[in-house]
There are 4 protein chains.
Amino acid sequence: MCRFLAYRGHPILLEELVAEPEHSLIHQSLHATEARTGTNGDGFGVGWYGERDTPGLYREVHPAWSDENLRSICAQVRSGLFFAHVRASTGTATSRANCHPFALGRFMFMHNGQIGGWHAVRRQVEAMIPDNLYTARHGTTDSEALLLAAMALGLPDDPVAAIAAVLSRVRRMMDGAAIAEPLRFTAALTDGRDIWAFRWASDAKPATLYWRQDSARLIVVSEPIDGHRDDWEAIPSGGCIIAREGHPVRVEQLMAVPA
Amino acid sequence: MCRFLAYRGHPILLEELVAEPEHSLIHQSLHATEARTGTNGDGFGVGWYGERDTPGLYREVHPAWSDENLRSICAQVRSGLFFAHVRASTGTATSRANCHPFALGRFMFMHNGQIGGWHAVRRQVEAMIPDNLYTARHGTTDSEALLLAAMALGLPDDPVAAIAAVLSRVRRMMDGAAIAEPLRFTAALTDGRDIWAFRWASDAKPATLYWRQDSARLIVVSEPIDGHRDDWEAIPSGGCIIAREGHPVRVEQLMAVPA
Amino acid sequence: MCRFLAYRGHPILLEELVAEPEHSLIHQSLHATEARTGTNGDGFGVGWYGERDTPGLYREVHPAWSDENLRSICAQVRSGLFFAHVRASTGTATSRANCHPFALGRFMFMHNGQIGGWHAVRRQVEAMIPDNLYTARHGTTDSEALLLAAMALGLPDDPVAAIAAVLSRVRRMMDGAAIAEPLRFTAALTDGRDIWAFRWASDAKPATLYWRQDSARLIVVSEPIDGHRDDWEAIPSGGCIIAREGHPVRVEQLMAVPA
Amino acid sequence: MCRFLAYRGHPILLEELVAEPEHSLIHQSLHATEARTGTNGDGFGVGWYGERDTPGLYREVHPAWSDENLRSICAQVRSGLFFAHVRASTGTATSRANCHPFALGRFMFMHNGQIGGWHAVRRQVEAMIPDNLYTARHGTTDSEALLLAAMALGLPDDPVAAIAAVLSRVRRMMDGAAIAEPLRFTAALTDGRDIWAFRWASDAKPATLYWRQDSARLIVVSEPIDGHRDDWEAIPSGGCIIAREGHPVRVEQLMAVPA
């Protein structure tokens, strides 16, 4: 049960959302409210778009709450599109390569959830990774594997369909392996322009996800960073939001996935 | 508010107390029960006596709950006298040198508490460190400074008197600096044979400390590692225990310190 | 080009070989003599047998030369069979899971060399890992993959044949991928009793490996730790040594592998 | 013997100097040419001015050559004034707080050199730190102590005089302690606008320091990053350069310090 945050809008210092709010992501690393585990201390990461089509990344294995580098970078880096994530491992090691967000070309991805019984289906899920992306498998998380597998299912052309397809396939693999634990997928994806955010779980108990838009700012959060839930809109269970640059946010169902 | 554990008895694998109990120290690093902060993720350390008069140390800046090295070392190292500590920083940096236990010659020391207003009195406290030990000031914690200052006040000869003296002096320094925050000192000390454990606070609210002795085994813990508080004896507020090798444990008051 | 050391004999403190000699492994981490790269600063590891059938491990991503924990552990841990390794990465990340030695059940393994063009054949090599060991794939190195693949080829029953077989297969995969870079394999393996050490390369330029035996002590090293090459016996290129407990060391050729 | 680099000019991506040149600072971390120690693997740091009067810092204890975060940050952060440093410890621990550059308010400082016999004079040097800056003593290096002591001697008003004064005083302390080892000080300082660079040693053997200016760009380096020494001007032993914004660079002697 990780916590994350996505922002798109006029360029702001990362700290405005990551460090300063009363219930900021750094605060949530130690005191999450809506998570089953209140501590998200198994590493963290920030990724931002600025000088290039590909994002910058700072990911570290320490808890976010005490990392001086994180505070300094967030106080100096200004971006109009960034992700931030604090991790509570569901079993895989605490290494930089296992920290979110993951960058892949111009894409960036972060995940809160898990493939239940991961060890039993890991090989099958990794087999979905296309050859040309196999060297991009840097860590051992289910999250990174889901992203790479979704690339083979058309993610660059239709992220929602690709995510639905990968969840559907993984669900069948889990069924085949008689895994009783759920598949849970609360996640955010961007190509540096558009943002997609997903909230789905095979047991209909996906981790929370909220969003808010005012003027040109879109913020997506695991839990409200100001502590006021009323000011935020929950993404419905089994749904996703599609926030194309210059278009209104659309809320959709992840159609292909029976939840 | 850290959590710690001390053991003396027949040699056992460290994991028997550090990792295996339902409420082990590694468990407490993520889910402490009796602490104000439930998370103790700002580094950890184990120290043990074995091959030498001086202790071995493994201290690391990561949370204890996910450290593979810690589990492996605790599964392989057998010792008849060891300390273990998980840290929740009260403000100083997360570095190895700031992790407990601290070793100094044949002595080993760990602390749960703090000098309130540390920054305001740090210079005065560090001024108490004797010249010959100044190079042993490796970190920036109040805890390490207290140990080094107590050395100058006769700790090798009379640990209880030296600790009482250093607490008394630091308390006066804090008064001089008009510091309202308390001085709290729950700690354990050993010379490789005897163990002293202290529980004192200037506001009479010292962190908890329990001990238990059966046959030749003495265990001192911040909170019961088996979850059964009735099986443990609380060290009284303002008191300490003196566990000399081959002698019954004595409970005493820290006489020189008005609490 | 990493550097490593293996010891079997009467139990000694690890530091006797790892830290104390003029040309110790810790010294070699900064100043290797016979290696193409003089610096081996991409992590390190020690593994030892003691209390269990499975080895203890301390592996870390820092350079060995400045690691206080390594010095303390080597000063306190006594073992009759241990491995130590300092790493110079050939391209994979510096993470604990990529540090040698690797432990697998009662086996322990460390490697100096590389699969040329690793990224091009990684998928094929990983496909050789048996299902029941796939969850033991913790990192991304060619070294760990070679060990796991060799398990499927009978390593527990006949290590020399299994290693020859895995090298032969990987060599063919490399040929199939038109990789011009060599496959180099200087390595050591143990099951906690016997030791096997290998020195082979497809370009007949394997990394150096020496051994010495006196009374009951066997030491295998990448380069002489006393700086006196005359006192050490070189393992011939394309060869291996088999050091079964209680038997004289045998030098053999790795028959199945055309070098 | 560390290596460092300072830049002021039109804003550039840090990577243009830190990562890309054939003999870049990251390259020097593994293969320094003009240094007594070829390896500078005891941590690193970059500091830059951008969004604030105070600099951003990314400092880490790993070797620079393998740090993914460093490469990513240098590929995304653009600055008109930045410092970068790779560290070879002269004895103090590898911790973030001991990595250069050091930031203090709007000032930033980095050092290559050492106070010979540091442990013998550490207490005296630290005694020079003014009370109001004592909490800024985060690490244990001689370098940080020199900066803080120089603050008490008027560094904000006259950096050259303050540095000369602190070197003179420390030299006398070393004489008083009968230390035969030299005091060496090759360093760079900035307030976010002006840059001062120093090259002095009590044994007249200061570490190298070069500079180059073209149009509006000033670069100061421990050793030429393009491998062409002829294109760079050496700062004379015992001298310094003063590069005030909008003024030509002046080369001066550190008058107050007998070398």
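As a starting point, this report considers the structure included with it. (Residues numbered from 1 in each chain as written. Chains lettered and ligands numbered in written order. Predicted model: local features only at pLDDT ≥ 70, side-chain atom pairs only at ≥ 80, totals over all residues. Heavy atoms only, no water.)

## Section: the interface of chain C and chain B
As a reminder, the rule being used: For this analysis, residues touch if any pair of their heavy atoms sits within 4.5 Å. Joining two parts hides part of their accessible area as seen by a 1.4 Å probe, and the buried area is that hidden amount summed over both. Every case where a carboxyl oxygen of Asp or Glu lies within 4 Å of a side-chain nitrogen of Lys or Arg is listed as a salt bridge. In protein, a polar contact requires one atom able to donate a hydrogen and another able to accept it; more generally it is a pair of N or O atoms within 3.5 Å, and residues adjacent in sequence count only if both atoms are side-chain atoms. Note on conventions: DSSP H or I runs of at least 4 residues are helices, E runs of at least 2 residues are strands, and numbering of each starts at the N terminus. Classification used: nonpolar for Ala, Val, Leu, Ile, Met, Phe, Trp, Tyr, Cys and Pro, charged for Asp, Glu, Lys and Arg, polar for all others including Gly.
Residue-level contacts link 24 residues of chain C with 24 residues of chain B. Approximately 1,900 Å² of surface area, both sides summed, lies buried where chain C meets chain B, with 35% of it carried by carbon and sulfur atoms. Three residues stand out in chain C for area buried against chain B, namely Glu 51, Gln 76 and Arg 96 of chain C, and they jointly supply 36% of the buried area on that side. Across the chain C-chain B interface, the total number found is eight salt bridges. The salt bridge partner of Arg 96 of chain B is Asp 67 of chain C, with a shortest N-O separation of 2.9 Å. Inspection of the region where chain C meets chain B yields 18 residue pairs in polar contact (both at pLDDT 80 or more). Broken down by secondary-structure element, the contributors of at least two residues to the side of chain C that touches chain B are strand S3 (56-60) and helix H3 (68-76) of chain C. Of the residues belonging to the side of chain C that touches chain B, the class tally is eight nonpolar, seven polar and nine charged.

## Description of the relation of the copies chain C and chain B
Formally: We superpose the copies by least squares over the C-alpha atoms of residues that have a pLDDT of at least 70 in both of them.
Rotating chain C by 180° about the axis while translating it 0.0 Å along that axis superimposes it on chain B, leaving an RMSD of 0.0 Å. Taken together, the rotation and translation describe the operation of a two-fold axis. Every residue of chain C has its C-alpha some distance from the rotation axis, and the shortest such distance is that of Val 77 of chain C, at 3.8 Å. A share of 100% of interface residues in chain C that are also interface residues in chain B marks the association as one of identical surfaces.

## Topic: H3 of chain C
Structurally, the α-helix is built with 3.6 residues per turn, so residues lying three or four positions apart point the same way. Residue and element names in this part refer to chain C. Here is the rule we go by: A 1.4 Å probe rolled over the protein chains alone gives each residue an accessible area, and that area as a share of the maximum for its type sets the label: buried under 20%, exposed over 50%, partly exposed in between.
Among the nine residues in H3, seven count as buried, and that is most of the element. Of all the residues in H3, the buried ones are Asn 69, Leu 70, Ser 72, Ile 73, Cys 74, Ala 75 and Gln 76. With a side-chain oxygen lying 3.3 Å from the backbone nitrogen of Asn 69, the N-terminal cap of H3 falls on Asp 67.

## Notes on the sheet that holds strand S12 (residues 239-243) of chain A
All names here are of chain A. To be explicit about the condition: One bridge is not enough; two strands pair if DSSP finds at least two bridges between them. Axis definition: a line fitted to C-alpha atoms, limited for helices to the stretch in contact. Angles are taken between N-to-C directions and run from 0 to 180 degrees.
Across the sheet, six strands lie side by side as S5-S6-S7-S8-S12-S13; this open sheet has antiparallel pairing. Edge positions in the open sheet fall to strand S5 (102-104) and strand S13 (250-253), since each of these has one partner strand only. Between one strand and the next, the sheet's axes are offset by a mean angle of 20°, whatever the strand orientation. Summarising the sheet, strand S7 (residues 183-190) and strand S8 (residues 195-201) pair through seven bridges and their orientation is antiparallel. Within the sheet, the bridge partner assigned to Ala 188 lies in S8 and is Ala 197. Against the sheet, helix H5 (residues 142-152) engages S5, strand S6 (107-115) and S7, with an angle of about 125° to S6.

## Notes on the environment of Leu 153 of chain D
Residue and element names in this part refer to chain D. One can find Leu 153 in the loop between helix H5 (142-152) and helix H6 (159-176). Distance in space between the C-alpha atoms of Leu 153 and Ile 129 is 9.5 Å, their sequence separation being 24 residues. Beyond its immediate chain neighbours, meaning those up to four positions away, Leu 153 contacts Met 128, Ala 162, Ala 165, Val 166 and Arg 169.

## Some points on the relation of the copies chain B and chain A
Take chain B, turn it by 180°, move it 0.0 Å along the axis, and it overlays chain A with an RMSD of 0.0 Å. Interface residue correspondence from chain B to chain A reaches 100%, placing this contact among same-surface, isologous pairings.

## Side note on the packing of H5 of chain A against helix H6 (residues 159-176) of chain A
Residue and element names in this part refer to chain A. To be explicit about the condition: Working rule for handedness: look at the near helix, and if it is turned counterclockwise from the far one by less than a right angle, call the crossing left-handed; if clockwise, right-handed.
Contact geometry for H5 and H6: axes closest at 9 Å, N-to-C directions at 115°. For the pair H5 and H6, the sense of crossing is right-handed. Residues Leu 146, Ala 149 and Ala 150 of H5 pack against Ala 162, Ile 163, Val 166 and Val 170 of H6.

## Some details on the interface of chain B and chain A
Residue-level contacts link 12 residues of chain B with 12 residues of chain A. At the boundary of chain B with chain A, total buried surface from both sides reaches about 780 Å², with 52% on carbon and sulfur atoms. Area buried by chain B at its contact with chain A is led by Thr 39, His 62 and Trp 65 of chain B, which between them contribute 38% of it. Scanning the region where chain B abuts chain A turns up zero salt bridges. The tally of links from chain B across to chain A stands at three residue pairs in polar contact (both at pLDDT 80 or more). Here the side of chain B that touches chain A is built from residues that sort into five nonpolar, five polar and two charged.

## Digging into the side chain of Arg 199 of chain C
Residues and elements named next belong to chain C. Note that Arg 199 resides in strand S8 (residues 195-201). On the basis of relative accessible area, Arg 199 is assigned to the buried category, the value being 14%. A polar contact is formed between the side chain of Arg 199 and the backbone oxygen of Ile 235, at a distance of 2.7 Å. Those residues in contact with Arg 199 that lie beyond four places of it in its chain are Phe 185, Thr 186, Pro 206, Ala 207, Thr 208, Leu 209, Ile 235, Pro 236, Ser 237, Gly 238 and Gly 239.

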